Amino acid sequence: MIRKTLTVCLTIAALALASAAPLSETSLYNLESRWSDQNGTVHRWADLRGEVRVVALIYTHCRSVCPAIVQQMKETEARLSPAERKRVAFLLVSMDPEADTSDQLRHFAENRQLGPNWLLLRGKAADVRELASTLDFKYRKNSNREFSHSAMITLLDADGEIVDQQLGLGDGSSERLRALSKLLAAPSP
Amino acid sequence: MRRVGIFWLLLCLSSLAIESTKVTIPAGSFVPLMGSQKRQALAVASFQLSRYPVTNGEFGQFLRVHPEWRRSRIKRLFAESGYLRDWVDDLHGPKGQYSSPVTNVSWFAARAYCRSVGGRLPSQNEWEWVAQASASERNGMRQPEFRRQILAWYARPNPEHWPAVQKTYRNVYGVHAMHGLVWEWVEDFNSLLVTGESRGDSSLDLDLYCAGGALSGLDPSDYPTYMRYAFRSSLKARYAVPNLGFRVAYGRTP
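Residues numbered from 1 in each chain as written. Chains lettered and ligands numbered in written order. Predicted model: local features only at pLDDT ≥ 70, side-chain atom pairs only at ≥ 80, totals over all residues. Heavy atoms only, no water.

A word on the nonpolar core. Trp45(A), Leu92(A), Phe59(B), Trp69(B), Tyr83(B), Trp185(B) and Phe246(B) are the most contacted members of the largest nonpolar core, which totals 99 residues. Among the elements that take part in this core, helix 3 (residues 107-116) of chain B stands out by supplying seven residues, more than any other. Once residues within four sequence positions are removed from consideration, Trp185(B) is found in contact with Val105(B), Ser106(B), Trp107(B), Ala110(B), Leu121(B), Leu235(B), Lys236(B), Ala237(B), Tyr239(B), Leu244(B), Gly245(B) and Phe246(B). (Core = buried A, V, L, I, M, F, W, Y, C linked by side-chain atoms within 4.5 Å. Buried < 20%, exposed > 50% of the residue type's maximum accessible area, 1.4 Å probe, protein only. Helix = DSSP H or I, 4+ residues; strand = E, 2+ residues; numbered from the N terminus. Contact = heavy atoms within 4.5 Å.)

In structure tokens form, the structure reads like this:
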């Protein structure tokens, strides 16, 4: 009985070790901040490991660039095969955590018909600045509560490495799809 | 009893002689060169700022307690390879420069230091607000002599060794080296957009063009301010630059 328990424990430990291979030095998932999603669940970056992820910083009351970014991400999703779609996650991080409460993020996700593979996060202002700095994303709040910001979509591999980054609103969806297919075709670690 | 009294008297006198390393900056408002629409005045709330930029000695103390920020241990996500390149080893800064400003530090490392002392990096507006002060006036930019002095500082090449932070220009608040020593990180250094980023063009955005346009009609001694904004927007958070250091702010994040 004891031996059996021990074996089970060792197996679990081995499995845990396998998935906890140290992150590379340049992985975004080295960031240590905590974020809450549209349902109020708390996430750390390291928890997001394991899935290919399409990431953008937005704010939900933006009327210009952000809706276009979300639309481009949705188009990317739509062009994936059903099998591929299961292996890709989408992440929107708010640059306006004051206005974008968890409720607001949930409403936004519902209104835009974003599926369960979409994560919408809000965090502390300093953590948003840190994430933005890591991505070389520029933004500032203007006096009228609107933001001036880069238009950027980033593709992360399962270990949080930046694989592809589209800057500007030009349609980079073909390149992103190519990069995505390449990632998904690679044997999983 | 009398002896104890003298002891306390001496203690009080000595604490008067040692200046606090933090300076309280009263609230105010100013028109920043950039980042304000239609050149509106921006309010800056009261906060505290370190009197001097952080020194090699202080940064070494920090590294003793926080090994993950040492040159040999820091992750590439948080600093490029030139991080602390002028240090003798992991814990010792350049020889004979204990009291000189630490440079070759990334934004991430500067922030970690600030957090370790219960502070944060100043915001761009906070920094610029304090930088406007001359030795005699909060708004020193009205004084042609002050503007000339700043311009002269910016025109001077970097010295081979940075002087000790105490031996630098002191403004009306008692804050040293806002000009004339090294550039400094601010929390929101990456708040100005760059046009055509996707084309790898480094020209600055409309905001900056507008300000640049405004500048052309102004005294060219405003040029240093323009330089600071342009320099900041050329930075990435993991850069380690030989003439870029930082100082600590305390108080609520604006």
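Turning our eyes to something else, we now look at the pairing of strand 9 (residues 162-167) of chain A. Relative to strand 9 of chain A, strand 8 (residues 152-156) of chain A runs antiparallel, the two sharing five bridges. Its bridge partner being in strand 9 of chain A, Met152(A) is matched across the sheet by Leu167(A). (Pairing = 2+ DSSP bridges.)

Turning our eyes to something else, we now look at the interface of chain A and chain B. Listed per partner, the contact involves 24 residues of chain A and 27 residues of chain B. Between chain A and chain B, roughly 2200 Å² of surface is buried when both sides are summed, and carbon and sulfur atoms account for 49% of that area. When the buried area of chain A at its contact with chain B is split by residue, Glu25(A), Lys138(A) and Arg140(A) rank highest and sum to 31% of it. At the boundary of chain A and chain B, one finds three salt bridges. Residue Arg238(B) pairs with Asp136(A) through a salt bridge whose shortest N-O separation is 3.2 Å. (Buried area = accessible area lost by both parts, 1.4 Å probe. Salt bridge = Lys/Arg side-chain N within 4 Å of Asp/Glu carboxyl O.)

The subject of this paragraph is the sheet that holds strand 1 (residues 22-25) of chain B. Residue and element names in this part refer to chain B. Read across the open sheet, the three strands follow the order 1-4-7; overall the sheet is antiparallel. Taken across any chain shown, the strands that pair with only one partner, and hence form the sheet edges, are strand 1 and strand 7 (249-250). Bridging between strand 4 (residues 47-50) and strand 7 involves two bridges; their strand directions are antiparallel. Across the sheet, leucine 49 pairs through a bridge with alanine 249, a residue of strand 7.

For the rest of this paragraph, the subject is the pairing of strand 4 (residues 88-94) of chain A. Residue and element names in this part refer to chain A. Burial within strand 4 is extensive, with seven of its seven residues counted as buried. A two-sided burial pattern is seen for strand 4, the buried positions comprising Val88, Phe90, Leu92 and Ser94 on one face and Ala89, Leu91 and Val93 on the other. Two elements, strand 3 (residues 52-58) and strand 4, share seven bridges in a ladder whose sense is parallel. Pairing of valine 52 across the sheet is with valine 88, part of strand 4. The pairing of strand 4 with strand 5 (residues 118-121) spans four bridges and is parallel. Paired with valine 93 across the strands is leucine 121, a residue of strand 5. Handedness of the crossover is the feature at issue here: the chain leaves strand 4, passes through helix 4 (residues 102-111), returns alongside strand 5, and the resulting connection is right-handed. (Right-handed = clockwise from strand over helix to strand, strands pointing away.)

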